[in-house]
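As a plain string of letters, each chain reads:
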Amino acid sequence: MTSPLYVYDDSLLKYRFHSKHPFNQMRLKMTTDLLMASGHLSASDIIKPREATDEELELVHKSDFIEAVKLAGEGKLSEEKMESYGLNTEDTPSFEGMHEKSRMLVGATLSAVEAVMDGRTDKALSLAGGLHHGFSGRASGFCIYNDSAVAIEHIRKKYGKRVLYIDTDAHHGDGVQWIFYDTNEVMTYSIHETGRYLFPGTGSLTERGTEEGFGFAVNLPVDAFTEDESFLEIFRETLEAAIRKFQPDVIFSQNGVDAHFRDPMTHLALTSRTFEEIPRFVNEMADKYTDGKWIAVGGGGYNIWQVVPRMWSQIWLSMKGIPAPRGPLPEAFMDQYGPKSPVDFPENWEDVLTDYNDIPRREEISEKNRSMLTRAMLHLEEQ
Ligand SMILES: [Zn+2]
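Residues numbered from 1 in each chain as written. Predicted model: local features only at pLDDT ≥ 70, side-chain atom pairs only at ≥ 80, totals over all residues. Heavy atoms only, no water.

**Quick word on the overall build of the chain**
(1) Moving on: Looking only at helices and strands, the chain features 12 helices and eight strands.
(2) Moving on: Seen through its principal axes, the chain has C-alpha atoms that stretch 55 × 50 × 45 Å.
(3) Moving on: Sequence-distant contacts in the chain: of pairs separated by 6 or more residues, those separated by 24 or more amount to 77%.
(4) Moving on: Accessible surface, the chain as shown: approximately 15100 Å² in total, 48% of it carbon and sulfur.
(5) Moving on: Put simply, the chain has 40 plus and 61 minus side-chain charges, and the middle of one group is 2 Å from the middle of the other. (Helix = DSSP H or I, 4+ residues; strand = E, 2+ residues; numbered from the N terminus. Contact = heavy atoms within 4.5 Å. Areas by Shrake-Rupley, 256 points an atom, 1.4 Å probe, with all protein chains shown as cover. Lys, Arg positive; Asp, Glu negative; His and termini not counted. Charge placed at Lys NZ, Arg CZ, Asp CG, Glu CD.)

Below is the structure:
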């Protein structure tokens, strides 16, 4: 067994729309500091990211879009043009140097991919990536370049391997899904809050791929206010069925943590229990089905003080085979960030559920999810 690798450099924090925007990469540094303070991450585990080239971005992105991102980042693209590329919306406004800063995140994900595919390690984590809403010719939902899609296409083209993409962000992984919608060489699996009230509105059970790709897009839309038990039941059952059906060579997972009950952008009611369990189950699946080969990236997560560092740490701890810690967070981490936090700062690794509201319609939600699960399993069991 090899030791996992962790891709990080402070330069990755530069991907920032503006100071009030909810997408804040400070969470990368906070997670890294928490892991270092806990003694589970050391300098020798960390590799520096490389940059992605234009040619690599073109694996999935249109060249006119890449040109537009370059010009927008230099303030040289008209309002009208920016609009047509999704580059001046409230969600995804243009910012200085956006091409250079966005391609760094792609490069970081590629560094993790190469560490695994070149055999330096079985498992690698790059939390800077996971920008799953990026389309081939348009920016969307805080995402400009789709690092995950570029990485998966890179694995397919250069190494000829079959990739299972697992997306546990609260939002549907639409960008990655559409890019691989017509191929049977990549399976996209996304479990997310139903698109009825949440961006991007897609990800229904009936989106299953087209042509050769039919049956290779898997969507599990759960109801708003879904809790741990119901979510984990669906996740465990469908993920293993998807793996048996597809038989991937490599697992690539997107680990948005915005399905946590304290995330301000979504309506799910998950706690640390789910975020401890997700990466441990993926780790188990990788060991069982892909010779341990697993690349993980970050994704959504907008409560950077109370949620993201603790939840993201679980991915690295899973890769290392370390059980989810209990009790107080390391003192050095508390001292560093506690005083800066504008909200109550958590004291323990696990959630202490004093402010977790009792969920209304609990039975009804679980029932609805269970009937969705039954239908999803029928799809997965089809030959
Ligand atoms: Zn999200």
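Next comes the rest of the write-up.
**Re the side chain of E114**
(1) Moving on: Tracing the backbone shows E114 in helix α5 (residues 98–117).
(2) Moving on: Ignoring any residue separated from it by four or fewer positions in sequence, one finds E114 in contact with R50, G119, R120, H154 and Y159.

**Considerations on the coordination of the zinc ion**
(1) Moving on: Taken together, D169 (OD), H171 (ND1) and D258 (OD) make up the protein donors of the zinc ion, found 1.9 to 2.0 Å from the metal.
(2) Moving on: Of note, the zinc ion draws all its donor residues from one chain, in the sequence arrangement D-x1-H-x86-D. Of this pair, H171 sits in the loop between β4 (163–167) and α7 (174–179) while D258 sits in the loop between β7 (250–254) and α9 (272–289); the two residues are 87 residues apart in sequence, bridging distant segments of the chain.
(3) Moving on: What makes H171 buried here is its relative accessible area of 7%.
(4) Moving on: D258 sits in the buried class, given a relative accessible area of 0%. (Donors = N, O, S within 2.8 Å, 3.2 Å for Na, K, Ca; no water. Buried < 20%, exposed > 50% of the residue type's maximum accessible area, 1.4 Å probe, protein only.)

**Here we look at the pattern of salt bridges**
(1) Moving on: Tallied over the entire structure, the rule returns 24 salt bridges.
(2) Moving on: One salt bridge in this structure joins D33 and K29, with 3.1 Å as the shortest N-O distance. Linking D33 with K29, this pair stays in helix α1 (residues 26–38), spanning four residues, or about one helical turn.
(3) Moving on: A residue is classified by how much of its surface remains accessible, and D33, at 16% relative accessible area, is buried. (Salt bridge = Lys/Arg side-chain N within 4 Å of Asp/Glu carboxyl O.)

**So, unusual backbone geometry**
(1) Moving on: Residues F199 and P200 are joined by a peptide bond in cis, for which omega reads -5 degrees.
(2) Moving on: Inspection of the secondary structure assignment puts P200 in the loop between β5 (186–193) and β6 (217–222).
(3) Moving on: In the Ramachandran plot, F142 falls in the positive-phi region, its phi being about 70 degrees despite a non-glycine side chain.
(4) Moving on: Summarising the element assignment, F142 is placed in the loop between β3 (123–126) and α6 (147–159).

**Comments concerning the packing of α5 against α6**
(1) Moving on: Between α5 and α6, the least distance of the axes is 9 Å, while the angle of their chain directions is 35 degrees. Crossing of α5 over α6 shows right-handed handedness. The residues of α6 that touch α5, namely those facing L105, V106, T109, L110, V113, E114 and M117, are D147, V150, A151, H154, I155 and Y159.
(2) Moving on: Looking at the contact of α5 with α6 residue by residue, the class counts come to nine nonpolar, two polar and two charged. (Axes fitted to C-alpha atoms, helices over the stretch in contact; angles between N-to-C directions. Left-handed = near helix turned anticlockwise from the far one by under 90°. Nonpolar A, V, L, I, M, F, W, Y, C, P; charged D, E, K, R; others polar.)

**Some remarks on the environment of I66**
(1) Moving on: The residue I66 is located in helix α3 (residues 63–73) in this model.
(2) Moving on: Overall, the relative accessible area of 2% leaves I66 in the buried class.
(3) Moving on: Sequence separation between I66 and L5 is 61 residues; the distance between their C-alpha atoms is 30 Å.
(4) Moving on: Ignoring anything within four residues of it in the chain, the contact list for I66 reads D54, L57, E58, H61, H99 and Y145.

**Observations concerning the environment of P4**
(1) Moving on: Tracing the sequence through the fold places P4 in the segment before β1 (5–7).
(2) Moving on: Discounting chain neighbours no more than four positions away, the residues touching P4 are D45, T121, K123, W316, M319 and K320.

No statement about biological role is implied by the geometric values presented.
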